[in-house]
Amino acid sequence: MAQSYLSLEFIDKTFERNGTKSEVLKQVSLGVDKGEFVSIIGHSGCGKSTVLNIIAGLIDATSGAVFLDGKHVDAPGPERAVVFQNHSLLPWLSVYENINLAVSKVFRGKKTKSEQHDWVMHNLDLVQMAHAKDKRPAEISGGMKQRVGIARALAMEPKVLLLDEPFGALDALTRAHLQDAVMEIHARLGNTMIMITHDVDEAVLLSDRIVMMTNGPAAKIGEVLEVPIARPRNRIELASDRTYLKCREAVLKFLYERHRFVEAAE
Ligand SMILES: Nc1ncnc2c1ncn2[C@@H]1O[C@H](COP(=O)(O)OP(=O)(O)OP(=O)(O)O)[C@@H](O)[C@H]1O
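Rules used throughout
- Residues numbered from 1 in each chain as written.
- Predicted model: local features only at pLDDT ≥ 70, side-chain atom pairs only at ≥ 80, totals over all residues.
- Heavy atoms only, no water.
- Salt bridge = Lys/Arg side-chain N within 4 Å of Asp/Glu carboxyl O.
- Helix = DSSP H or I, 4+ residues; strand = E, 2+ residues; numbered from the N terminus.
- Buried < 20%, exposed > 50% of the residue type's maximum accessible area, 1.4 Å probe, protein only.
- Pairing = 2+ DSSP bridges.
- Contact = heavy atoms within 4.5 Å.
- Axes fitted to C-alpha atoms, helices over the stretch in contact; angles between N-to-C directions.
- Near = heavy atom within 4 Å.
- Polar contact = N/O pair within 3.5 Å; in protein donor to acceptor, adjacent residues only side chain to side chain.
- Areas by Shrake-Rupley, 256 points an atom, 1.4 Å probe, with all protein chains shown as cover.
- Nonpolar A, V, L, I, M, F, W, Y, C, P; charged D, E, K, R; others polar.
- Expected span 1.5 Å × (residues − 1).
- Core = buried A, V, L, I, M, F, W, Y, C linked by side-chain atoms within 4.5 Å.

Right, let's talk about the pattern of salt bridges for a bit. Pairing between side chains of opposite charge can happen when their charged atoms approach one another. Counted by the stated rule, this structure contains 13 salt bridges. A salt bridge links R231 to D208, with the shortest nitrogen-to-oxygen separation between them at 3.0 Å. Of the two residues, R231 is situated in the loop between β10 (221-226) and α7 (235-238) and D208 in the loop between α6 (200-206) and β9 (209-213); the sequence distance between them amounts to 23 residues. We classify R231 as partly exposed; its relative accessible area is 33%.

Structure representation (structure tokens):
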């Protein structure tokens, strides 16, 4: 069988702390096509970030392997850029300098200084943040910081953009604006994107497929839902779209009927 562009093959992950083992992931396998937008949804603590961090190479799988574009990946690399929930900008650098730091590292010897400058500005334009290029992170809002984080990740020209609850800390309106920005970027650049979210509407709005994880311990992929909605997508029009509502219901049923989160007993 042909391997997907990004392929997770039989991933197990067991953490060990003070001699106690906890089995977090069991036999997680997933194939993602080039240009696909895939969301991962599941209850808190099931292991979503662990999956993303294994793809990013930030943590090792206990067994199994990740392949990207035919190559085994087991360490971090610029072809897999991550955007975290809380921006990870360096506070002493300006918006421009934060992105330039990544650009100069990835494109050293490949782009001239002037090309690097143009590339930084191009990516700031993509997220509509060029006007704030000289501001420091403390001087801009949470939504703006996330935009800069996305620009920095895109500027590395990653093969896969990994988004770990990128809008989780934002108010509803800012979140909606950023979701639209990410949809536009995805349409324009055709990047392969994997996003963790807790938000069912966000998952349906943005994704080509939604990966639903079972509750831990030993979480696995429970179901994968196709979202057969044409792009570009408009959130207002979709609010009454039958396919949208059916997808939404399928995810809600998975999360709240078949895999209800059981609070630990007090
Ligand atoms: N470095 C670690 N050492 C030990 N246990 C860990 C480590 N990282 C994560 N875990 C445990 O693995 C499980 C899955 O964590 P993970 O952060 O992947 O879940 P999640 O689904 O992303 O959660 P949330 O939705 O709350 O962010 C949790 O029980 C967590 O405590």
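Let us look at the sheet that holds strand β4 (residues 63-68). The strands that make up a sheet pair up through hydrogen bonds in the backbone, lying either parallel or antiparallel. Judged by pairing direction, the sheet is antiparallel, and its four strands sit side by side in the order β2-β1-β4-β5 without closing on themselves. The sheet is open, and its two edges are formed by β2 (20-32) and β5 (71-72), each paired on a single side. One ladder, built from five bridges, connects strand β1 (residues 6-17) with β4; its direction is antiparallel. Opposite S7, over in β4, you have F67 as the bridge partner. Contacts between helix α1 (residues 48-56) and the sheet are confined to β1, β2 and β4, with β1 contributing the most and set at about 115° to the helix.

Our focus in this paragraph is the site of the ligand. The full set close to the ligand counts 13 residues, and S44, G45, K48, S49 and T50 are the nearest of them. C46 places a polar main-chain atom, nitrogen or oxygen, 3.1 Å from an oxygen atom of the ligand. In the model, an oxygen atom of the ligand is placed 2.5 Å from a nitrogen or oxygen of the T50 side chain. Its free accessible area being 630 Å², the ligand has 62% of it covered by the protein chains. Residue assignment for the shell around the ligand shows that the elements contributing at least two residues are β1 and α1. In terms of residues, the shell around the ligand owes the most to one element, α1, which gives three residues. In terms of residue class, the shell around the ligand is built from three nonpolar, seven polar and three charged.

Before going further, it helps to examine the environment of L52. With respect to the secondary-structure elements, L52 resides in helix α1. Beyond its immediate stretch of four places on either side in the chain, L52 contacts V82, L162, L163, D164, I194 and I196.

Okay, helix α5 (residues 172-189) next. With 18 residues, α5 extends 25 Å between its outermost C-alpha atoms, agreeing within 8% with the 26 Å of an ideal straight helix rising 1.5 Å per residue. Inspection of α5 places R175, A176, L178, Q179, A181, V182, M183, I185 and H186 among the buried residues, and these make up the whole buried set. At its buried positions, α5 is contacted by β3 (37-41), α3 (113-126), α4 (142-155), β8 (192-196), α6 and α7. Put simply, D171 is the residue that caps the front of α5, since its side-chain oxygen is 3.2 Å from the backbone nitrogen of L173. Just past α5, the residue G190 takes up positive phi, approximately 65°.

Spatial ordering of the open sheet is given by β6-β7-β8-β3-β9-β10, a layout of six strands whose pairing is mixed. Edge positions in the open sheet fall to β6 (80-83) and β10, since each of these has one partner strand only. Taking each pair of neighbouring strands and ignoring which way they run, the sheet shows an average axis angle of 20°. Bridge analysis of β3 against β9 gives four bridges, and the strand direction is parallel. For I40, the partnering residue across the bridge sits in β9 and is V211.

Within the largest apolar cluster, 54 residues are counted, with the highest numbers of intra-cluster contacts made by I150 and I210. With sequence-adjacent residues up to four places away left out, I210 is seen in contact with S39, I41, A203, V204, E223, V224, L225, V227 and V251. Among the nonpolar cores identified, the runner-up in size contains 28 residues, and L162, I196, V211 and M213 belong to it.

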